[in-house]
Amino acid sequence: MNQTRPNITRPKGLRLRSFRIQASQAFARAAGAPLIHGNQVRLLKNAEENYPAWLEAIRSAKHTVHFESYIIHEDDQGRIFAEALAEKAREGITVRLIYDWAGGLTATSNKFWRSLKAAGVEVRCFNPPRFDSPLAWLGRDHRKLLTVDGSIGFVAGLCVGQMWVGEPEKGIEGWRDTGVEVIGPAVADLEQAFAQTWAETGAALSDDELVAATAIPEAGDTNVRVVASVPNTAGLYRLDQMIAASAKESLWLTDAYFAGTSPYVQSLRAAALDGVDVRLLVPQATDLPVMRAVSRSGYRPLLEAGVRVYEWNGPMIHAKTAVADGRWARVGSSNLNLASWITNWELDVVVEDDRFGEQMEHMFLQDLDYSTEILLTAKRKRPKPRHKRLRRLRAKLDTLSSGRTAAGAVRLGNAVTAAISNRRILSPTEARIMFSGGVLLLIFTAVAIFWPRIISIPLAVFAAWLAVSLFLKAFELHREGKREELALREINSAATDEAAVPRDTE
């Protein structure tokens, strides 16, 4: 019997509502982060707004302070925060702090951490080197999080250090960065994110040490997702691509260390070619010079598709933000590169709210006033915006200065691979990349021929390290198997003894 799908006509409003529910469900599944209602979110710009808010919250703590930061520099700003945390611990408040081993390696001394511990602060170091895991150091805790009493939380791109404040007396500006303050039920998810990392560094927190979402009253009408990324899950990576695919009018990105993968670059290109106003703001000066070359080498494919690229003219723009269609926004610790998407522990807050989105757009426009646009040619044509709101915004942007030609076409690895495999046509701008790659390979060849031990000895040491770590893990797994086997025998023996005992019959 043939059956056909019934032709059901739904009202337009109902169809639109159903589509939004499905989109929200897709975002939740991609990021592993449900939409949380009833929050109040405040946008905080630079250290001048973030640091005072953080310190005020710490000093007002009545029960707990949970602080997680990739780097806490041992400078004037670091000491201010250390004293605030120590003071609360001396008052009997539970203060827990997580710092990353690699982040604090050259930034902070052991004496700094010992002084905090002496004051009563529970300090834990994330992922120090381990002999049994030679490659574990690749995954870092890059999160920047503060929660106080389970009632207020902060997520940001800022670590703690003088560079974010600058030295006004010397005319040195602070780093440009962005954070948010969250009040409402979403703070429970921020607490869970902290507990997740805390459990990676030692004994886990018990459930009664964390505030449940149901115990936190609603504080506003803003919808929030807390995206707590862990290695090899790529939740934010999937979400970022979905946002690029679903943006209808605009997608404006600010990133400190941009090195987009080919799929993500293609998603930005596809959006721009479809008429979406895609913009990318990155640093001109950076604390990691190699990232400047990497970022610039990827400009051309973006520019050719109509993506507008800007470089910040100040000392450093460290923010990691996005705003799409003026109603979807992301603020947090994740950069647009594989380290953040795949290997690091990251934390971002996604806000779905028109008012907050408008604030993010306004902040982005202000940043562009202090930036230089990168153009392929002086007469580069851009697609005309299809939406009235974007035409008004673009009218503001057309007054901005334009700048230099992009330095490269694709990243060094992609270009060299393309040349060797002949997988795509290379452009003349990639000649320098090809030359540099050839020089590096010749140097490697010469070293391998004339000084083989320089290469073979480190490789042999590393191989031996890996071998020993595998043996140790195999031994631990073997012991665990023996324990499970012994426990199973005891259970079976107890069950046999119980079955052998005669029972009274009525």
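Shown above is the structure to which this text applies.
Attention here is on the structure that accompanies the text. (Residues numbered from 1 in each chain as written. Predicted model: local features only at pLDDT ≥ 70, side-chain atom pairs only at ≥ 80, totals over all residues. Heavy atoms only, no water.)

Observations regarding the overall build of the protein
Per the secondary structure count, the protein includes 16 helices and 15 strands. Within the protein, counting contacts between residues at least 6 apart in sequence, those at least 24 apart form 81% of the total. Of the roughly 26,600 Å² of accessible surface on the protein, a fraction of 58% belongs to carbon and sulfur atoms. (Helix = DSSP H or I, 4+ residues; strand = E, 2+ residues; numbered from the N terminus. Contact = heavy atoms within 4.5 Å. Areas by Shrake-Rupley, 256 points an atom, 1.4 Å probe, with all protein chains shown as cover.)

What to know about the pattern of salt bridges
In this structure the tally under the stated criterion is 20 salt bridges. The salt bridge involving Glu209 is made with Arg96; its shortest N-O contact spans 2.5 Å. Linking Glu209 in the loop between helix H6 (186-200) and strand E8 (222-229) with Arg96 in strand E3 (residues 94-100), this pair joins segments that are 113 residues apart in sequence. Judged by relative accessible area, which is 32%, Glu209 ranks as partly exposed. Relative accessible area serves as the criterion here: at 5%, Arg96 is assigned to the buried category. Between Asp354 and Arg327 there is a salt bridge, with the nearest N and O atoms lying 3.4 Å from each other. Of this pair, Asp354 sits in helix H12 (residues 354-368) while Arg327 sits in the loop between strand E12 (321-324) and strand E13 (328-332); the two residues are 27 residues apart in sequence, bridging distant segments of the chain. Residue classification places Arg327 among the partly exposed residues on the basis of a relative accessible area of 39%. What you see here is one network of salt bridges that share partners, running through Glu83, Glu87 and Arg90. (Salt bridge = Lys/Arg side-chain N within 4 Å of Asp/Glu carboxyl O. Buried < 20%, exposed > 50% of the residue type's maximum accessible area, 1.4 Å probe, protein only.)

Structural notes on unusual backbone geometry
Phi at Asn232 is positive, roughly 70 degrees, even though this residue is not glycine. Relative to the assigned elements, Asn232 resides in the loop between E8 and helix H7 (235-246). Residue class for Asn232 comes out exposed when judged on its relative accessible area of 67%. Not every positive phi belongs to a glycine, and Ala234 is a case in point at roughly 55 degrees. Looking at the element boundaries, Ala234 is found in the loop between E8 and H7. Given the relative accessible area of 12%, Ala234 is considered buried.

The quantities given are spatial measurements derived from coordinates; they are silent on function.
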